[in-house]
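# Tertiary structure, described
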Amino acid sequence: MGIIEKMRLDGKVAYVTGGAGGIGKSIATALAEAGAKVAIVDLEGGKAQEVADEIAQATGSQTLAVQTDVTDADSVNQMIETIVQAFGRIDIAFNNAGITMNIPAEEMSPEDWHKVIDLDLNGVFLTSQAAGRVMLEQGNGSIINTASMSGSIVNVPQPQASYNAAKAGVKHLSKSLAVEWADRGVRVNTISPGYIGTDLIFEAEELQPLIKKWEEITPQGRLGKPEELQGIALYLASDASSFATGADFIIDGGYTAI
Ligand SMILES: NC(=O)c1ccc[n+]([C@@H]2O[C@H](COP(=O)([O-])OP(=O)(O)OC[C@H]3O[C@@H](n4cnc5c(N)ncnc54)[C@H](O)[C@@H]3O)[C@@H](O)[C@H]2O)c1
């Protein structure tokens, strides 16, 4: 089979958490374009439905919206059951929902600390575990977790200790799962974006003065676009990456190279 054919996802079933958000929607669109049936999983059920309808119309692939809170184990198990009932299996799990909070460490409340860790790290564990159980039973599957370059470096000048710690945790959690499941057909990798221009960035008022600074210190001199993560997403979702597991793929316009 040629490499282009290997990157097709016809007959495969995928889900994307945070699928109604900037990066999630772009990745879900890429998976559907490659032929996968895709479930859009998000806390915002209405938005998830809109995105699912839009992608189905644009690509002709079957889609499904599943309102889910990935920090809640019951909600996650329900989500997995709904997808398996609708589409029969799960081949590609994209655990991508996440938030950031810029608060100086000495001022951070325990509640704010837990909010970030619960979503960005615990949510990735709960979804990886639930999808992993289905995939281990099937004997194959690809789990892709969205980490961040913040799991490798400390961003400046904004204070975001909880986010950085959670994303470093996502990378090592994913490596740990990759090793546990490597001989049972389940691969686990992380994508670590640099600064990507999405709602997460543009809707946070306090970030506006920072955007110029980030552009200056990124070697390519700009923020990335969500669609610039589609290539690595397709590679990791498909059989093109059959020997890749336990790896982190940094896509950051050169940020971490300096
Ligand atoms: N934008 C960037 O520059 C950047 C850089 C590196 C990593 N990331 C990571 O990429 C991922 C996606 O970020 P984005 O920029 O698309 O953000 P976004 O805010 O556009 O989307 C996040 C989505 O997650 C959903 N969500 C929030 N809480 C949830 C919950 N409990 N359960 C289910 N869904 C929930 C939101 O409703 C939203 O649709 C995040 O993990 C983020 O940390 C983003």
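None of the values given here were measured: they were computed from a predicted structure.

## So, the overall build of the protein
Looking only at helices and strands, the protein features nine helices and seven strands. The globule rule puts the C-alpha radius of gyration for 258 residues at 18 Å, and the 17 Å found for the protein is close to it. Taken along its principal axes, the extent of the C-alpha atoms in the protein is 45 × 40 × 40 Å. Classification of the 258 residues of the protein by burial places 49% in the buried group. In the protein, 73% of the contacts between residues at least 6 apart in sequence involve partners at least 24 apart. On the protein, roughly 11700 Å² of surface is accessible, and the fraction owed to carbon and sulfur atoms is 52%.

## Observations concerning helix α3 (residues 45–59)
In this model, α3 (15 residues) spans 21 Å end to end at C-alpha, consistent with the 21 Å of a helix rising 1.5 Å per residue. Within the sequence span of α3, burial applies to A48, V51, A52 and I55. With its buried residues spanning 100° around the axis, α3 presents them on a single face. Turned more than 90 degrees off the buried face of α3, the exposed positions are E50 and Q57. On the buried face of α3, the contacting elements are α2 (22–33), β2 (37–42) and β3 (63–67). Phi turns positive, to about 80°, at G60, one or two residues after α3.

## Side note on the packing of α2 against helix α9 (residues 230–237)
Contact geometry for α2 and α9: axes closest at 9 Å, N-to-C directions at 55°. Here α2 lies oblique to α9, going by the angle between them. Crossing of α2 against α9: the hand is right-handed. Mapping the contact onto sequence places S26, I27, T29, A30 and L31 in α2 and Q230, A233, L234 and A237 in α9. In terms of residue class, the contact of α2 with α9 is made up of six nonpolar, three polar and no charged.

## Regarding helix α5 (residues 110–138)
Between the first and last C-alpha of α5 there are 40 Å, a value that for 29 residues agrees with the 42 Å anticipated at 1.5 Å per step. The sharpest bend along α5 measures roughly 40° and falls at D118. Downstream of α5 by a residue or two, G139 has a phi angle that is positive, lying close to 85°.

## Some details on the side chain of K171
Positionally, K171 belongs in helix α6 (residues 161–181). Within polar-contact distance, the side chain of K171 engages the backbone oxygen of G151 at 3.4 Å.

## What to know about the sheet that holds strand β5 (residues 141–146)
If you walk across this open sheet you meet the seven strands as β3-β2-β1-β4-β5-β6-β7, and the pairing is parallel. Looking at the sheet topology across the chains shown, the edges are occupied by β3 and β7 (248–251). Direction aside, the axes of adjacent strands within the sheet are offset by 15° on average. Across five bridges, strand β1 (residues 13–17) lies against β2 in parallel orientation. The residue of β2 that forms the bridge with A14 is V38. Sitting on the sheet, α6 touches β5, β6 (186–193) and β7, and the angle it makes with β6 is about 160°.

## Thoughts on the site of the ligand
Taken together, the neighbourhood of the ligand is formed by 27 residues, with D42, N96, Y163, I196 and T198 sitting nearest. Within the contact set of the ligand, a nitrogen atom lies 3.1 Å away from a backbone nitrogen or oxygen of V70. If the ligand stood free it would expose 830 Å²; the protein chains cover 91% of that surface. A breakdown of the residues in the shell around the ligand according to their chemical character gives 13 nonpolar, 10 polar and four charged.

## Quick notes on the packing of α2 against α3
Across the interface, α2 lies against α3 with an axial gap of 10 Å and an inter-helix angle of 35°. The crossing of α2 and α3 is right-handed. Contacts between α2 and α3 involve K25, A28, T29, A32 and E33 on the former and, on the latter, V51, E54, I55 and T59. A per-class count over the contact of α2 with α3 returns four nonpolar, two polar and three charged.

## Structural notes on unusual backbone geometry
For the peptide bond that leads from V156 to P157, omega is 0°, which places it in the cis range. Structurally, P157 is set in the loop between β5 and α6.

The rules behind each value
Residues numbered from 1 in each chain as written. Predicted model: local features only at pLDDT ≥ 70, side-chain atom pairs only at ≥ 80, totals over all residues. Heavy atoms only, no water. Helix = DSSP H or I, 4+ residues; strand = E, 2+ residues; numbered from the N terminus. Rg over C-alpha atoms; globule rule 2.2 N^0.38 Å. Buried < 20%, exposed > 50% of the residue type's maximum accessible area, 1.4 Å probe, protein only. Contact = heavy atoms within 4.5 Å. Areas by Shrake-Rupley, 256 points an atom, 1.4 Å probe, with all protein chains shown as cover. Expected span 1.5 Å × (residues − 1). Arc of directions from axis to C-beta. Axes fitted to C-alpha atoms, helices over the stretch in contact; angles between N-to-C directions. Parallel < 35°, antiparallel > 145°, perpendicular 65-115°, else oblique. Left-handed = near helix turned anticlockwise from the far one by under 90°. Nonpolar A, V, L, I, M, F, W, Y, C, P; charged D, E, K, R; others polar. Bend = angle between axes of the 7 residues up to and from the residue. Polar contact = N/O pair within 3.5 Å; in protein donor to acceptor, adjacent residues only side chain to side chain. Pairing = 2+ DSSP bridges. Near = heavy atom within 4 Å.

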